[in-house]
Structure formats: C-alpha cells, structure tokens
Amino acid sequence: MCPVRGKFKQGKRKQRSPIAVGDDVSFTLIQAGDQPEGQISEIGERRTELYRSHPRFPRQRQVLAANIDLLVIVIGAERIDEQLLTVDRLLISAYSQGLTPMIVVNKLDLRPLAEVQADMAAYSHCEVFYTSAETGVLGDLPGRFRGKTSVFAGQSGVGKSSLMNALQPGLGLRVGVVDREGEGKHTTTHASLLPMAGGYVIDTPGVRDFGFWNLELHEISLYYPDWKAAREQCKFATCTHRHEPHCGVKAAVESHELDQGRYQRYLTILRETWNQQESVGY
Ligand SMILES: Nc1nc2c(ncn2[C@@H]2O[C@H](COP(=O)(O)OP(=O)(O)OP(=O)(O)O)[C@@H](O)[C@H]2O)c(=O)[nH]1
Ligand SMILES: [Mg+2]
Ligand SMILES: [Zn+2]
C-alpha cells in the first residue's frame, strides 16, 4: 500500500490528481512486515497521458491514465452510423495524445460481415477488427496486446467489458445488463490496471467522456491522417476546411475522394470545440 500523502515531485505541469493509474512511481518503504506500507516519492516521466478537461476546473486537464499505448475504440455492429461521431472524436483524441487507435466492431453475431464492413468503408486508414464477444470470435485481436497497455473506450453497452473478459479468461469484469432503452449500465466505478492478453488493460470510469483538450480549431484536421494528401492542397496552412477558398479537403469531399459523412461529422466536432472554448473563455 502506498497512500498518497504529502507533497512530492510533480514537475511543472499544471494539473490536479497528480498520480494516475498506469504511472511508474518510486517509493520508499516506511513499514515492513505483514502489511508493508510505502510512500510515493516520485512519478516517472510519462510516455503518454490520457486526459480530459477537468469536470470542475475546465481550463485544467485531468489525467485519467498514464503510459497507455493503444486506444481500443469499441462500437456495436448495429446502428453504426449513430456511433461514428464518437469514433471520430476518439480518433482525434488518440492521434493528438500519441496513442495508437484501433477500432473493434463487436456484436458481429447480429449482422452479416459484408454489411458491417461496408458501413466502415471510411475507416480503411485505421485497423478495424470484427468480433463477437458473445460467440468468442476475436480474429487477430488477441495478438495485439502483448507488452502493451490499452484502454477500451466507446459507448455504454457495446461490449467493452465482455471483450476484455473474452481476451483474458478469469478477468471477471462485470457485464452490464442492457436496459429497455438499449443503453448499458455503467459498472466501472474505480480505476484499475489489469493483466490482459500478455499486456495490461486500464479500466477507468472517466474514459467515457474523455476527449481532446485545448486543440486549436485548425489543428483538429491534423489528426485526420486519411486527409493528409487533400490537406496539402489547401492554400492556407491554418485552413479549417469550412469557408476558406482553395481548400483541398472540401474539393476532395465534393469529388467523393473523401467520405461525405466523415466530413460532416468533422464540422460538428469543429462547432462543438468552438462552443466549448467560448464557454470556458480560452
Ligand atoms: N449479441 C451480442 N451481445 C453482446 C456481445 N458482447 C457483449 N454483448 C452484450 O452486451 C451487453 C453489454 O455488454 P458490456 O460488456 O457490459 O458492455 P460495456 O461496453 O462494457 O458497457 P459499459 O460498461 O456500460 O460501458 C451485455 O448484455 C452483453 O452480454 C456480442 O458480441 N454479441
Ligand atoms: Mg463495461
Ligand atoms: Zn482546407
């Protein structure tokens, strides 16, 4: 046990919750014996951080987890179009925070694969896995976690806990019962680091609404790797691809080289980000 008390080295970062699940720490042993107790003296340099703006102090960021490698974005195979805005937000978060994203379309037992793949056509730049936690069909997914620390994100009820249980028999995460509205119940109440498929998975409650933090509007599209070629045709380096003249992205959407839906969702995300920043007063 290493209770967090007193002050310790924290660097110059302005943030609350100094220690996050996934941190590497140094500690000194205070009390040996049956129930040894230590005190944390230092937090190791973080490779990556998963953060959101602090719920009570929106100009500060709250670190939800540290040293994550993979962001596993889980969606259900049914009503995919309703989940793509979440997917796009999470992709921006992953790319802007240095995590490798992968998309898992779960509940494949409920729809034909070809149909589901057609719905996911705009995401060929990203690794997409098709699974059914229910029937134990996991494809190449299990091999991807060795030596990595992962976080599963996605809407409630899509099968994140079910997948983790399938990937690590004996993990025993609670699986929510879907209620009448089709929404799962949130069962995760505290953050934990668990062994999974040769690596670790971090299960943390805040992950539901984590997001990118403090990105300039023109930066958002930098985290659309599939738009790179089109973006290079834009006249202005800070183009936000809305109203600017000579915009390569808009041209590519009009000529159907880029997906119309993904572009519309980009505009939604841009608007949301702008509103958020207005209300916080950046
Ligand atoms: N048909 C089908 N049902 C599934 C599958 N995977 C999970 N479920 C069911 O979907 C419901 C929700 O599963 P969970 O694993 O609790 O979902 P979750 O994403 O962890 O949900 P939250 O913890 O609320 O965010 C449960 O009733 C599962 O039995 C699947 O592959 N196919
Ligand atoms: Mg769950
Ligand atoms: Zn542009």
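Residues numbered from 1 in each chain as written. Chains lettered and ligands numbered in written order. Predicted model: local features only at pLDDT ≥ 70, side-chain atom pairs only at ≥ 80, totals over all residues.

Draft legend 1. Quick look at the nonpolar core. Counting residues in each nonpolar core, the largest one holds 45 residues, and the members touching the most others are Ala 65, Leu 71, Ile 73 and Val 151. Within the residue set of this core, elements represented by two or more residues are β3 (49-53), β4 (61-66), β5 (70-76), α1 (84-96), β6 (100-106), β8 (149-153), α3 (160-167) and β10 (199-203). Sorting elements by how many residues they give to this core places β5 first, with six residues. (Core = buried A, V, L, I, M, F, W, Y, C linked by C-beta atoms within 7 Å. Buried ≥ 20, exposed ≤ 12 C-beta atoms within 10 Å, placed from the backbone. Helix = DSSP H or I, 4+ residues; strand = E, 2+ residues; numbered from the N terminus.)

Draft legend 2. Geometry of α1. Between its first and last C-alpha atoms α1 spans 18 Å; for 13 residues at 1.5 Å apiece the expected length is 18 Å, and the two agree. When we look at burial in α1, the residues that qualify are Val 87, Asp 88, Arg 89, Leu 90, Leu 91, Ile 92, Ser 93 and Ala 94. Of the residues one or two after α1, Gly 98 is the one with positive phi, at around 75°. (Expected span 1.5 Å × (residues − 1).)

Draft legend 3. Representation of the pairing of β10. Most of β10 is tucked away: four of the five residues are buried. As paired elements, β8 and β10 share three bridges and run parallel to each other. Residue pairing for β10: Val 151 is matched across the bridge by Ile 202. The sheet contact formed by strand β9 (residues 192-196) and β10 spans five bridges and is antiparallel. From the neighbouring strand, Ser 192 faces β10, where its bridge partner is Asp 203. Here β9 hands over to β10 after two residues, with Ala 197 in that stretch at a positive phi of 50°. (Pairing = 2+ DSSP bridges.)

Draft legend 4. Seen up close, the environment of Pro 245. Topologically, Pro 245 is positioned in the loop between α4 (228-231) and α5 (248-254). Under the C-beta neighbour-count criterion, Pro 245 is labelled exposed, with 9 such atoms within 10 Å. Through-space distance from the C-alpha of Pro 245 to that of Lys 235 is 7.4 Å; in sequence the pair is ten residues apart.

Draft legend 5. Structural detail: the confidence of the model for the protein. Mean pLDDT for the protein: 87, with 87% of residues reaching 70 or above. For residues 179-184, every residue scores under 50 in pLDDT, and the model assigns this stretch eight contacts once sequence neighbours within four places are set aside. (pLDDT = per-residue confidence, 0-100. Contact = placed C-beta atoms within 7 Å.)

Draft legend 6. Structural context of the sheet that holds β9. Spatially, β7-β6-β5-β8-β10-β9 is the arrangement adopted by the six strands of the open sheet, whose pairing is mixed. One side of each edge strand has no neighbouring strand; the edge strands of this open sheet are β7 (128-130) and β9. Strand after strand, the sheet turns through a mean of 30° between neighbouring axes, direction not considered. Where β5 meets β6, seven bridges bridge the pair, whose relative direction is parallel. The residue bridging Val 74 from the neighbouring strand is Val 104, located in β6. (Axes fitted to C-alpha atoms, helices over the stretch in contact; angles between N-to-C directions.)

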